[in-house]
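Chain by chain, the residues run as shown.
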Amino acid sequence: MDLLIEDGQCLGVFGESGCGKSLMLRAIADLDRHQGTVLLDDIAASETPAPQWRRQVCLLPADSEWWFDYVGEHFEHLDPQAAAMLGFKKDVNDWQVSRLSSGEKQRLALLRVLQNQPRVLLLDEPTANLDQDNTRLFETMVADYISHHKACALWVSHDLQQLQRVCKTIYELKQGQLEKQP
């Protein structure tokens, strides 16, 4: 596979379940072994310490992981304005993670990823657990981030209509190959 994503772009990928979309994102994030070369500004992931690479090239999986009891423990600083843009109240830092819905976890996981100010967002079915209104808030947050930070995104979804809304270019992953869609 050969793929180039320019600053400010959001590319979409869809394909059948099990075709390798998540594996592709995990390889780009340098989380799984792979035989390819992944570059960011002509610097290979293999030449960059893993923690540094993963701050610049952030994967947001469909199901986020939480390891502390309270939301605020997962953030160096949770921007209250950004949290409000995703529908959260000012006291969200004090919320117990065990009481969060899967949709709340996913929206907060986006904020957690964005606090690292990544150059590349790898989004793996990021809105699968969100209702329509929260999906729109999420999409807007990602678009604003990409625009204001000269970042880019690779957005994987089974929802082709969503990809058409948020992505300029869309590919289908089929038999290990990316096929650009008209």
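Placed above this text is the structure.
Conventions we followed
Residues numbered from 1 in each chain as written. Predicted model: local features only at pLDDT ≥ 70, side-chain atom pairs only at ≥ 80, totals over all residues. Heavy atoms only, no water. Helix = DSSP H or I, 4+ residues; strand = E, 2+ residues; numbered from the N terminus. Buried < 20%, exposed > 50% of the residue type's maximum accessible area, 1.4 Å probe, protein only. Contact = heavy atoms within 4.5 Å. Areas by Shrake-Rupley, 256 points an atom, 1.4 Å probe, with all protein chains shown as cover. Lys, Arg positive; Asp, Glu negative; His and termini not counted. Charge placed at Lys NZ, Arg CZ, Asp CG, Glu CD. 1 Å grid on protein atoms, 1.4 Å probe; cavity = no way out; pocket = protein on both sides within 12 Å on 5 of 7 lines; lining within 4 Å. Points joined across faces, edges and corners; volume = space filled by probe spheres on them. Pairing = 2+ DSSP bridges. Axes fitted to C-alpha atoms, helices over the stretch in contact; angles between N-to-C directions.

(A) Main features of the overall build of the protein. Check the secondary structure of the protein and you find 6 helices and 8 strands. Mapped from its N terminus to its C terminus, the protein presents α and β elements in the order β-α-β-β-α-β-α-α-β-α-β-α-β-β. Expressed along its principal axes, the backbone C-alpha trace of the protein runs to roughly 45 × 35 × 30 Å. Of all 182 residues assigned to the protein, the portion counted as buried reaches 45%. Taking all contacts inside the protein whose residues are at least 6 apart in sequence as the whole, residues at least 24 apart take part in 71%. Summed over all atoms, the accessible surface of the protein reaches about 10600 Å², with 45% contributed by carbon and sulfur. Of the side-chain charges in the protein, 18 are positive and 27 negative, and the distance between the mean point of each set is 2 Å.

(B) Structural detail: the layout of surface pockets. Of the volumes computed, that of the largest pocket is approximately 940 Å³. Around the largest pocket, the lining comprises 34 residues; the ones closest to its centre are L3, I28, T37, V38 and L39. Counting residues per element, the ones that place at least two in the lining of the largest pocket are α1 (21-28), β2 (39-40), β5 (120-124) and β6 (152-156). Broken down by element, the lining of the largest pocket gets its largest block of residues, 4 residues, from α1.

(C) Expanded view of the environment of H158. Relative to the helices and strands, H158 resides in the loop between β6 and α6 (160-166). Judged by relative accessible area, H158 falls into the partly exposed class, the value being 46%. Separated by 10 residues in the primary sequence, H158 and H148 place their C-alpha atoms 27 Å from one another. If we skip the residues at most four places from it in the chain, H158 touches G15, E16, S17, K21 and E125.

(D) Spotlight on the sheet that holds strand β4 (residues 57-60). In spatial order, the strands read β4-β5-β6-β1-β7-β8; together these 6 strands make up an open sheet with mixed pairing. With one partner strand each, in any of the chains shown, β4 and β8 (177-180) form the two edges of the open sheet. Strand-to-strand twist of the sheet, defined as the mean angle between neighbouring strand axes without regard to direction, takes the value 20°. Examined bridge by bridge, strand β1 (residues 10-14) and β6 share 4 bridges and lie parallel to one another. Note that in β6 the partner of V13 across the bridge is V156. Across the sheet, helix α5 (residues 132-149) touches β1, β4, β5 and β6, and the angle it forms with β6 is around 150°.

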